[in-house]
Amino acid sequence: MTITSFARLLTLSGLLLSGCVPGRIVTVTLYDTPAAFVRLETDQTIDQNSGHTHPLYLSPEHMAALLGGMVFEEPWAKLPIYDDLSQPRRHPAFTESEISLFAPLLATAMGKATPEELVTFYHSTSRSSASREVTSGGIFLDGDNLHIVLANYRSPTHYSADIGVADTMDDRLTPLRALAPQRGRLAFEPREAARETIESGMATWFREERREVVIRYKAVTPRSPHQSPATAPRP
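Residues numbered from 1 in each chain as written. Predicted model: local features only at pLDDT ≥ 70, side-chain atom pairs only at ≥ 80, totals over all residues. Heavy atoms only, no water.

Enquirer: Explain the overall build of the protein residue by residue, including any values.
Expert: Looking only at helices and strands, the protein features 4 helices and 10 strands. Listing each helix as α and each strand as β along the protein from the N terminus yields α-β-β-α-β-β-α-β-β-β-β-β-α-β. Residues classed as buried in the protein amount to 47% of the 235 residues present. Within the protein, contacts between residues separated by at least 24 positions form 68% of all contacts whose residues are at least 6 apart in sequence. Carbon and sulfur atoms make up 55% of the accessible area of the protein, which amounts to about 11,700 Å² in all. (Helix = DSSP H or I, 4+ residues; strand = E, 2+ residues; numbered from the N terminus. Buried < 20%, exposed > 50% of the residue type's maximum accessible area, 1.4 Å probe, protein only. Contact = heavy atoms within 4.5 Å. Areas by Shrake-Rupley, 256 points an atom, 1.4 Å probe, with all protein chains shown as cover.)

Enquirer: Which residues make up the sheet that holds strand β2 (residues 36-42), and what values do they have?
Expert: Strands sit in the order β1-β2-β5-β6-β7-β10-β9 across an open sheet of 7 strands; the sheet is antiparallel. This sheet does not close on itself; its edge strands, each paired only once, are β1 (26-32) and β9 (194-195). Across the face of the sheet, helix α3 (residues 96-112) comes into contact with β1, β2, β5 (117-126), β6 (132-142) and β7 (145-156) while running at roughly 160° to β5. (Pairing = 2+ DSSP bridges. Axes fitted to C-alpha atoms, helices over the stretch in contact; angles between N-to-C directions.)

Enquirer: Give me the lowdown on the pattern of salt bridges, citing residues and values where you can.
Expert: A side chain of one charge can pair with a side chain of the opposite charge when the charged atoms of the two come close. If you walk through the whole model with that rule in mind, you get 9 salt bridges. Here aspartate 144 and lysine 218 are joined by a salt bridge, their closest N and O atoms 3.4 Å apart. Note that aspartate 144 is positioned in the loop between β6 and β7 and lysine 218 in the segment after β10 (212-216), a separation of 74 residues in sequence. Note that arginine 191 and glutamate 189 form a salt bridge whose closest N and O atoms lie 3.2 Å from each other. Taken together, the salt bridges that share partners define one network made up of Glu73, Arg90, Arg185, Glu189 and Arg191. (Salt bridge = Lys/Arg side-chain N within 4 Å of Asp/Glu carboxyl O.)

Enquirer: Before we move on, can you summarise the pairing of β7 with the specific residues and values?
Expert: Counting buried positions along β7 gives 10 out of 12 residues, so the element sits mostly inside the fold. In terms of strand pairing, β6 meets β7 through 9 bridges, oriented antiparallel. Its bridge partner lying in β7, valine 134 is registered against serine 155. Between the end of β6 and the start of β7, which pair antiparallel, lie 2 residues, with glycine 143 showing a positive phi angle near 65°. Pairing analysis gives 5 bridges linking β7 to β10, with the strands arranged antiparallel. In the strand pairing of β10, histidine 147 is matched with valine 214.

Enquirer: Go over unusual backbone geometry, please, and point to the residues and values.
Expert: Peptide bonds are, in most cases, trans, and in most cases residues other than glycine have a negative phi. The step from histidine 54 to proline 55 runs through a cis peptide bond, and the omega angle for that step is 5°. In this structure, proline 55 sits in the loop between β2 and α2 (60-68). Going from glutamate 189 to proline 190, the amide bond is cis rather than trans, its omega being 5°. One non-glycine residue, arginine 154, lies in the positive phi region at around 50°.

Enquirer: Can you lay out α3 for me, pointing to particular residues and giving the numbers?
Expert: If you check α3, its first and last C-alpha atoms are 25 Å apart, about what 17 residues at 1.5 Å a residue would give, namely 24 Å. The sharpest bend along α3 comes to roughly 35°, located at phenylalanine 102, with the proline proline 104 sitting one to four residues further on. Along α3, the positions that sit buried rather than exposed are Glu98, Ile99, Phe102, Ala103, Leu105, Leu106, Ala107, Ala109, Met110 and Gly111. Tucked inside the fold, the buried residues of α3 contact β1, β2, α2, β5, β6 and β7. (Expected span 1.5 Å × (residues − 1). Bend = angle between axes of the 7 residues up to and from the residue.)

Enquirer: Got a sec to walk through the packing of α2 against α3? Specific residues and values, please.
Expert: Following both chains from N to C, one finds α2 and α3 inclined at 120°, their axes separated by 8 Å at the closest point. Considering their axes alone, α2 and α3 lie oblique with respect to each other. In this structure, α2 crosses over α3, and the sense of that crossing is right-handed. Packed against α2, whose contacting residues are Pro60, Met63, Ala64, Leu67 and Gly68, the element α3 presents Ile99, Phe102, Ala103, Pro104, Leu106, Ala107 and Met110 at the interface. (Parallel < 35°, antiparallel > 145°, perpendicular 65-115°, else oblique. Left-handed = near helix turned anticlockwise from the far one by under 90°.)

Enquirer: Give a description of the side chain of threonine 120 that names residues and reports values.
Expert: Here threonine 120 lies in strand β5. Contact partners of threonine 120, with chain neighbours within four places excluded, come to Phe37, Val38, Arg39, Glu41, Gly137, Gly138, Pro175 and Leu176.

Enquirer: I'd like to hear about the packing of aromatic side chains, residue by residue, with values.
Expert: With the rule as written, the count across this model stands at 4 aromatic pairs. Here phenylalanine 37 and tyrosine 122 contribute two aromatic rings whose centre-to-centre distance is 5.1 Å and whose plane-to-plane angle is 5°, an arrangement assigned as stacked. Taken together, the residues span a long stretch of sequence, with phenylalanine 37 in strand β2 and tyrosine 122 in strand β5 at a distance of 85 residues. With respect to class, phenylalanine 37 is no different from tyrosine 122; both count as buried. Against the face of phenylalanine 37 rests arginine 39, its NZ or CZ located 3.6 Å from the ring centre. (Phe/Tyr/Trp six-rings, centres within 6.5 Å; stacked < 30°, edge-to-face > 60°. Lys NZ or Arg CZ within 6 Å of the ring centre and 35° of its normal.)

Quick look at the structure:
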């Protein structure tokens, strides 16, 4: 990871930890329904002397392989209140329906992005009449490294650490903000295509708040439109 990328990570992580998210401006909306969207937004963590390596032209099949390679690792000790006990510990981060929806949209969005923008995505599903689960995050390219940030992985809406305190934040406005405590971690298969991010010290603590994989995208082979993601091997 470059010094510039490290600085951006610290800046964005600090803002997320403090609950203060900079006022991003939505520049292009490629897809928008009540349950999902894909957008281009300005990235307030970059300055005049830096920028992302955009645009990036990927096929939907290549983007599908990148999304299909993302693996979510549940905590070793699962808690019934927070964790899905029906899932194996290691499982794909995106469902096939999510990949089918997002792959062509994200590929198009990356091809339209400027160095000052990043791509954000959002998807929600109903849990009950009063709550939903949200998966959301962002994608950007620095050099040959594609960063996929998963700020929320099936995070419950209206979560509050204090009983009786309502969360009034509109989750659609802040796709890069965690809605609830984030347990578990992200990985990528094949492992040789993944790059290590930050390994020690305070930066590791920040990385736990910002779940992210950094992928050498050129090392990932595009998959056919009907190919399902491989089952992630257990460690």
